[in-house]
Amino acid sequence: MARAVTTQRKVIATAAAWTIGIAIFFPILWTVLTSFKTEAQAIADPPVWFGFDWTLENYEVVQERSNYFRFLMNSVIIAVGSTVLGLLIAIPSAWSMAFVPGKRTKDVLMWMLSTKMLPAVGVLFPIVLIARFLDLYDTHILLIVVLMLMNLPIIIWMLYTYFKEIPVDILEAARMDGASLRSEIIYVLTPMALPGIASTMLLNIILAWNEAFWTLNLTTTKAAPLTAFIASYSSPEGLFYAKLSAASTMAIAPILIMGWFSQKQLVRGLTFGAVK
Amino acid sequence: MTSTLRALLGATALSAIGGIAAAETLTIATVNNGDMIRMQGLTDDFTEKTGHEVEWVTLEENVLRQRVTTDISTNGGQFDIMTIGMYETPIWGKQEWLVPLDDLSEDYDVDDLLPAMAGGLSVDGTLYAAPFYGESSMVMYRTDLMEAAGMEMPDAPTWDDIKAAAEAMTDKDNEIYGICLRGKAGWGENMAFLTAMSNSFGARWFDEDWNPQFDSPEWKATIDFYLDLMNNYGPPGAANNGFNENLALFQQGKCGMWIDATVAASFVTNPDDSTVADSVGFALAPDNGLGKRGNWLWAWALAIPAGSQKVDAAKQFIEWATSKEYIELVAENEGWANVPPGARTSLYENPEYQKVPFAKMTLDSINSADPTNPTVEPVPYIGVQFAAIPEFAGFATQTGQEFSAALAGQQSAEEALAKAQDIVNEEMEAAGYK
């Protein structure tokens, strides 16, 4: 009897998981399908599902009209750059908060989180003015720093929770064996927290890849990433949904593929602690 | 002495080099509309003629507006030319954020620009942006459905004609709706339409002392008529429909009439995309016999921000892109139906262009809109479907949300109008107009 309930539960859980999964994936699927239609088919009502003449025309037009690889390279540089820089700062700070908490550590953590509560546009002008003053407008370095700052609270919080689960005894043992602070972080803590660091890194790359406020407002031509590439195909007067879909598909494909391959890491890092 | 002489000679040589126009790279911000895409495809012609290269930054309209506003107000200097509209030009021109275009060459023939366009893009008689293409709004209707209903659309219909036609053409069982109008909230979406419509009902945004007028019987009549039309003869879910949504509906044969931008005419008559391409007729936007029609006036125009280091090259580009020669270049490459409309008088005198089915109605629509005198009663602002003050975009979008909610059936016309009145009152007081 007990077993029957479990099976039933399993079926419900599986069905629910699939429903949610398909609901979340559907817009992406629809975008990909639309990218192979003509503009007229893209807006057809009732919608056409699979029975249309698949065409690569949209991809050809997009390829011809804009330099996809320049945007792609900018996206890679900005996403990876801001993530690496963020980790360099976040690992030591998360270490100190997890293992040598002071009286104000909890406040600092909350304060950091509170910076995420300010709408980005609220600091648009100060940042633009600083960028102009430092002559950094439309450069990779500006985007790397700004996106790093935007995501830093999330990185620190994630790492903090992973580090918290590592028994302090292990670090103390290393210290007793004469490990310096540097080697303690590099050789003891980091390897143990690797799944956590890896998933933080992946999540942060995804966040930076998809960031569409700062990347649009702080770039013009030289540092413009894929978000600008997509934005250039959206039209207020004219139906270009198929071309927009082709551009979107090209923009999300790299990150989708990366997510696919690192799925295991990502899920493990997000759901399990460091040493469980 | 000799060293001074040498220095002088050197300086002369340098200035001589400076005098020869060095090849520059111009960065141009624009939107992804058909005419702009065509321009991007033809830039090689400009580079060939002048040696200047062009880099395009194409952005979605609202992103572009935010991006360009940030850049110009911080003197960011990222763009040499910006594509802006009739709303921004007078505001920014007055702020001295734009380079005045008062020394364009004789060949350019400034006087050839349509007076309504030049007027809307000038401040105190000085042109601040050159119109690349202009549009008004008009009625597009299905000639086959009108015929089947035994009716005829006058060239200059009244709102009662529109209502009668909408009623006759509506066939909800076959998913044909008599009229499609904008319902999506936004100052450039439903409020552009409603403001233009309200002009023909004798309404206005402000009286001469900047008091909002949403409590007037004229605005009440406008909104009542609009809601009545849309609720009885409009498509379902119209509160989410903007230009593109209505364009899709019309092209699929689901609208009997559509009152919107004149540029839509080239889309709905294009057999590649439109299923009703050979049965579309055009008429002026409706009126109520009060002397003003319900059509708007808009231009996408090219302007040079005051911070640009490449003003001369930028002016050369603007002269190229908005010239008579450019229009001929497009006609040669893409046909007369695809040239940028609504900017030059000479285009409408061209016998080739007169053959284009929507040419005359577009010109008549543009000519019947007057941005400096848009309403029946006098107003303190410039603009037909907007008031050219910096605060407008913000509060018009908010009021647009109220009218969109009324169309969705979430509140009554009275509630929407009362809220609109409060919103605008508050904003105008905060901004110091009263």
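Residues numbered from 1 in each chain as written. Chains lettered and ligands numbered in written order. Predicted model: local features only at pLDDT ≥ 70, side-chain atom pairs only at ≥ 80, totals over all residues.

## Digging into the overall build of chain A
Applicable threshold: Labels follow the DSSP assignment, with helices taken as runs of H or I lasting at least four residues and strands as runs of E lasting at least two, numbered in each case from the N terminus. Here the C-beta atoms are placed from the backbone, and a residue counts as buried if at least 20 other C-beta atoms lie within 10 Å of its own, exposed if 12 or fewer do, and partly exposed otherwise. Two residues qualify as a contact pair if the distance between their C-beta atoms, derived from the backbone, is within 7 Å.
Looking only at helices and strands, one finds 14 helices and zero strands in chain A. Reading chain A from its N end, one meets helices and strands in the order α-α-α-α-α-α-α-α-α-α-α-α-α-α. The dimensions of chain A, computed from C-alpha atoms along their principal axes, are 70 × 70 × 30 Å. Across the 276 residues of chain A, 33% fall into the buried class. Expressed as a percentage of contacts within chain A between residues at least 6 apart in sequence, the contacts between residues at least 24 apart total 80%.

## Quick word on the overall build of chain B
Broken down by element type, chain B carries 19 helices and ten strands. Considering only contacts in chain B between residues 6 or more positions apart, those separated by 24 or more positions represent 74%.

## Considering the interface of chain B and chain A
As a reminder, the rule being used: Under the grouping applied here, Gly and all other residues not named as nonpolar or charged are polar, the nonpolar ones being Ala, Val, Leu, Ile, Met, Phe, Trp, Tyr, Cys and Pro and the charged ones Asp, Glu, Lys and Arg.
Facing 26 residues of chain B, the contacting portion of chain A comprises 25 residues. At the level of elements, strand E1 (25-31), strand E2 (53-59), helix H4 (61-73) and helix H11 (243-251) of chain B are the ones that each hand at least two residues to the side of chain B that touches chain A. For the side of chain B that touches chain A, a count of residues per class yields ten nonpolar, eleven polar and five charged.

## Here we look at the domain arrangement of chain B
Residues and elements named next belong to chain B. So the rule is basically this: Where a domain begins and ends is set by an automatic assignment or by a domain database.
According to the domain assignment, chain B consists of domain 1 (23-128 + 298-354) and domain 2 (138-296 + 382-430). Counting residues at the interface gives eight residues for domain 1 and nine residues for domain 2. Of the residues belonging to the side of domain 1 that touches domain 2, the class tally is six nonpolar, two polar and no charged.

## Focus: the packing of helix H10 (residues 217-233) of chain B against helix H19 (residues 413-430) of chain B
Between two packed helices, both the angle of their axes relative to each other and the distance between the axes serve to describe the pair. Residue and element names in this part refer to chain B. Note the cut-off: Angles run from 0 to 180 degrees between N-to-C directions of axes, and those axes are lines fitted to C-alpha atoms, restricted for helices to the stretch in contact. Here roughly perpendicular refers to angles of 65 to 115 degrees, roughly parallel to angles under 35, roughly antiparallel to angles over 145, and oblique to all remaining angles. Helix crossings get a hand from a simple test, with the near helix turned counterclockwise from the far one by less than a right angle marking a left-handed crossing and a clockwise turn marking a right-handed one.
As a packed pair, H10 and H19 sit with axes 10 Å apart at the nearest point and diverge in direction by 135°. One element, H10, and the other, H19, form an angle in the oblique class. H10 and H19 meet at a crossing whose hand is right-handed. Where H10 approaches H19, its residues Trp 219, Lys 220, Ile 223, Asp 224 and Leu 227 are matched on the opposing element by Ala 413, Ala 416 and Leu 417. Classifying every residue of the contact of H10 with H19 gives six nonpolar, no polar and two charged.

## Describing unusual backbone geometry
All names here are of chain A. Of note in the backbone geometry, Asp 138 takes a positive phi value of approximately 60° without being a glycine. Assignment of secondary structure puts Asp 138 in the loop between helix H6 (124-133) and helix H7 (140-164). In this structure Asp 138 comes out as partly exposed when scored by C-beta crowding, with 18 C-beta atoms within 10 Å.

## Some remarks on the environment of Ser308(B)
Within the element layout of this structure, Ser308(B) appears in the loop between strand E10 (297-303) and helix H13 (311-321). Once you skip the residues sitting within four places of it in the chain, Ser308(B) turns out to touch Gly77(B), Asp80(B), Val99(B) and Ala314(B).

## Details of helix H10 (residues 194-210) of chain A
For an α-helix, the turn length of 3.6 residues means that residues three or four places apart are oriented alike. Convention followed: To estimate the expected span of a helix, count its residues, drop one, and scale the result by 1.5 Å.
In this model H10(A) runs 24 Å from its N-terminal to its C-terminal C-alpha over 17 residues, within 8% of the 24 Å that 1.5 Å per residue would give. All buried positions along H10(A) are accounted for by Gly196(A), Ile197(A), Ser199(A), Thr200(A), Met201(A), Leu202(A), Asn204(A), Ile205(A), Ala208(A) and Trp209(A).

## Thoughts on the nonpolar core
Inclusion rule: Here, a nonpolar core means buried Ala, Val, Leu, Ile, Met, Phe, Trp, Tyr and Cys residues linked by C-beta atoms lying within 7 Å of one another.
Grouped together as the largest cluster of nonpolar side chains are 192 residues, with contacts concentrated most on Leu159(A), Met140(B) and Met257(B). The element best represented in this core is H7(A), accounting for 15 residues. Built from parts of two domains, this core gets at least three residues from each of domain 1 (23-128 + 298-354) and domain 2 (138-296 + 382-430) of chain B.

## Some words on the confidence of the model for chain B
Residue and element names in this part refer to chain B. Selection rule: Here pLDDT means the predictor's own confidence in every residue, given as a number from 0 to 100.
Taken residue by residue, chain B gives an average pLDDT of 91. The fraction at 70 or more is 95%. This model gives residues 11-20 a pLDDT under 50, and the stretch forms zero contacts once residues within four places in sequence are excluded. Scoring the predicted complex yields pTM 0.84 and, for the interface, ipTM 0.79.

## Concerning the confidence of the model for chain A
Residue-level pLDDT values for chain A average 88, and 95% of them are 70 or greater. Element-level pLDDT for chain A is lowest in helix H14 (residues 263-271) of chain A, with a mean of 75, against a maximum mean of 93 in helix H4 (residues 68-99) of chain A.

## Digging into the packing of helix H9 (residues 190-200) of chain B against helix H18 (residues 392-407) of chain B
All names here are of chain B. Closest axis-to-axis distance for the H9/H18 pair is 9 Å, and the angle between their directions is 85°. The angle between H9 and H18 places the two elements in the roughly perpendicular class. Contact residues: Asn 190, Met 191 and Leu 194 in H9; Ala 396, Thr 399, Gly 400, Phe 403 and Ser 404 in H18. A breakdown of the residues in the contact of H9 with H18 according to their chemical character gives four nonpolar, four polar and no charged.

## Side note on H10(B)
All names here are of chain B. What counts is decided by this rule: The directions considered for the arc are those from the helix axis to the C-beta atoms.
The end-to-end C-alpha separation of H10 is 24 Å, in line with the 24 Å expected for 17 residues at 1.5 Å each. Looking at H10, one finds that the buried residues are Glu 218, Trp 219, Thr 222, Ile 223, Tyr 226, Leu 229, Met 230 and Tyr 233. Around the axis of H10, the buried residues are gathered within 145° of arc, so they sit on the same side. More than 90 degrees from the buried face of H10, the exposed residues found are Pro 217 and Asn 231.

## A short note on the environment of Asn244(B)
All names here are of chain B. Among the secondary structure elements, Asn 244 is positioned in helix H11. Classification of Asn 244 by C-beta neighbours within 10 Å gives partly exposed; the count is 18. Sequence separation between Asn 244 and Ala 264 is 20 residues, and the spatial gap between their C-alpha atoms is 9.6 Å.

## Describing the pairing of strand E9 (residues 280-284) of chain B
All names here are of chain B. As a reminder, the rule being used: What makes two strands pair is DSSP finding at least two bridges between them.
For E9, the tally of buried residues reaches four of five residues, placing the bulk of the element in the interior. The sheet contact formed by strand E6 (residues 130-142) and E9 spans five bridges and is antiparallel. Paired with Val 139 across the two strands is Ala 283, which belongs to E9.

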